Structures are given as structure tokens and as C-alpha cells.
Amino acid sequence: MSDFKQIFPLGEKNDAFAQYFIGQSYLAPLTLEGVPSFNVTFEPGCRNNWHIHHKGGQILFCTAGTGWYQEEGKPAQLLKPGDVVNIPAGVNHWHGATKDSWFAHIALSVPAEGATTEWRGPVTDEEYSKLG
């Protein structure tokens, strides 16, 4: 970890959402006003479960390391610093680090009245091991 450089704080262990992740992630709130935004950092191999943002979508600004983003029924996309992912409401997806790299992104939830996140099943080790 000591050689992983990022411009935003690592934050605390993401214990509140640990049940929706395989591996260790960290969460640093950047702002809770207006459009809440968080720096999410993933240890190598860490990924979140499949999930859907209802009513409001999500935007990811990739800032450090390398990671994956995948929508249901589509191939996974490799993510690098500078990549931006716009995730429309209602799309089942997951994101996380590659097997051998830390990964960080800023996550913005698109504001919408009644917006919720539906957490679904994990990305299995079998599915994940087929990537890159």
C-alpha cells in the first residue's frame, strides 16, 4: 500500500458496506453537500457486488490504479486514471480493482427524488478470474 499514490484521502475501512464487497475497500467522504461524493479505494482483487441505482444513476471518476467496470450482459471494461463512467439508473453493474493493482475512483450519486441502491449478488471468483 505504501507505494499506492492518490490525490484524495484513503479514508476509513468501508465497514458499513463491507457486506457488499469481496475484499477490503476504503471510503473517504469528499463532500456531503449538493452532490455527495466519495473517494472509494479498493485493494487488489477487491470488488463490489452487482448493484442497481434506481431513479438516480452514478458517475465514476477514476483517479488512481487500474480497475474494472462491467454492466450485465456486456464485457468488462478496464479502467485507468482519467476514465469517466456514466452509469444510467436501472443498469445492473459492478466495479473494483484488478487482481494486481490498487484502484481508486470518485463516486457521485446522481441526485433524484426517491433514489435507492439495490445490492445484488457478488461477482464470483470464477467470473472475476476470467478478467484480464
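To be clear, the structure that these remarks concern was listed above.
Residues numbered from 1 in each chain as written. Predicted model: local features only at pLDDT ≥ 70, side-chain atom pairs only at ≥ 80, totals over all residues. Heavy atoms only, no water.

**Looking at the packing of aromatic side chains**
If you walk through the whole model with that rule in mind, you get 9 aromatic pairs. Relative to W119, the ring of Y20 lies with its centre 4.5 Å away and its plane at 10 degrees, an arrangement referred to as stacked. Placement of Y20 in the loop between β1 (12-13) and β2 (21-22) and of W119 in strand β13 (residues 116-119) is noted, with a sequence separation of 99 residues between them. Since its relative accessible area comes to 23%, Y20 is described here as partly exposed. Residue W119 is classed as partly exposed on the basis of its relative accessible area of 25%. These aromatic residues form a ring-pair network of at least three members: F17, Y20, F21, F42, F103 and W119. In this arrangement the basic side chain of R47 is found over the ring face of Y128, its NZ or CZ atom lying 4.2 Å from the centre. (Phe/Tyr/Trp six-rings, centres within 6.5 Å; stacked < 30°, edge-to-face > 60°. Helix = DSSP H or I, 4+ residues; strand = E, 2+ residues; numbered from the N terminus. Buried < 20%, exposed > 50% of the residue type's maximum accessible area, 1.4 Å probe, protein only. Lys NZ or Arg CZ within 6 Å of the ring centre and 35° of its normal.)

**Observations concerning the side chain of T98**
Within the secondary structure layout, T98 lies in the loop between β11 (93-97) and β12 (103-109). In contact with T98, not counting residues within four places along its chain, are P44, G45, T66, G67, W68, L78 and Y128. (Contact = heavy atoms within 4.5 Å.)

**Structural notes on the pairing of strand β10 (residues 84-87)**
Only one face of β10 is covered, namely the face carrying V85 and I87; the face carrying V84 and N86 is uncovered. Examined bridge by bridge, strand β7 (residues 58-65) and β10 share 4 bridges and lie antiparallel to one another. Across the sheet, residue Q58 finds its bridge partner in β10, namely I87. (Pairing = 2+ DSSP bridges.)

**Considering the side chain of Q70**
With respect to the secondary-structure elements, Q70 resides in strand β8 (residues 67-71). Within the local environment of Q70, its side chain forms a polar contact with the backbone oxygen of K74, the two atoms lying 2.8 Å apart. A distance of 2.9 Å separates the side chain of Q70 from the side chain of W94, its partner in a polar contact. Setting aside residues no more than four positions away along its own chain, Q70 makes contact with W50, P75, A76, N92, H93 and W94. (Polar contact = N/O pair within 3.5 Å; in protein donor to acceptor, adjacent residues only side chain to side chain.)

**Focus: the pattern of salt bridges**
One pass over the full model with this rule turns up 5 salt bridges. Here D125 and R47 are joined by a salt bridge, their closest N and O atoms 2.7 Å apart. One end of the pair, D125, is in helix α1 (residues 125-129); the other, R47, is in strand β5 (residues 47-48), with 78 residues separating them in the sequence. Judged by relative accessible area, which is 3%, R47 ranks as buried. Linking R120 and E118 is a salt bridge whose minimum nitrogen-to-oxygen distance equals 3.5 Å. A residue is classified by how much of its surface remains accessible, and E118, at 31% relative accessible area, is partly exposed. (Salt bridge = Lys/Arg side-chain N within 4 Å of Asp/Glu carboxyl O.)

**Things to note about the environment of G57**
Tracing the sequence through the fold places G57 in the loop between β6 (51-54) and β7. Relative accessible area serves as the criterion here: at 7%, G57 is assigned to the buried category. Once the C-alpha coordinates of G57 and H105 are considered, the two residues, 48 residues apart in sequence, prove to be 16 Å apart. Excluding residues that lie within four positions of it along the chain, G57 makes contacts with I87, P88, A89, L108, S109 and V110.

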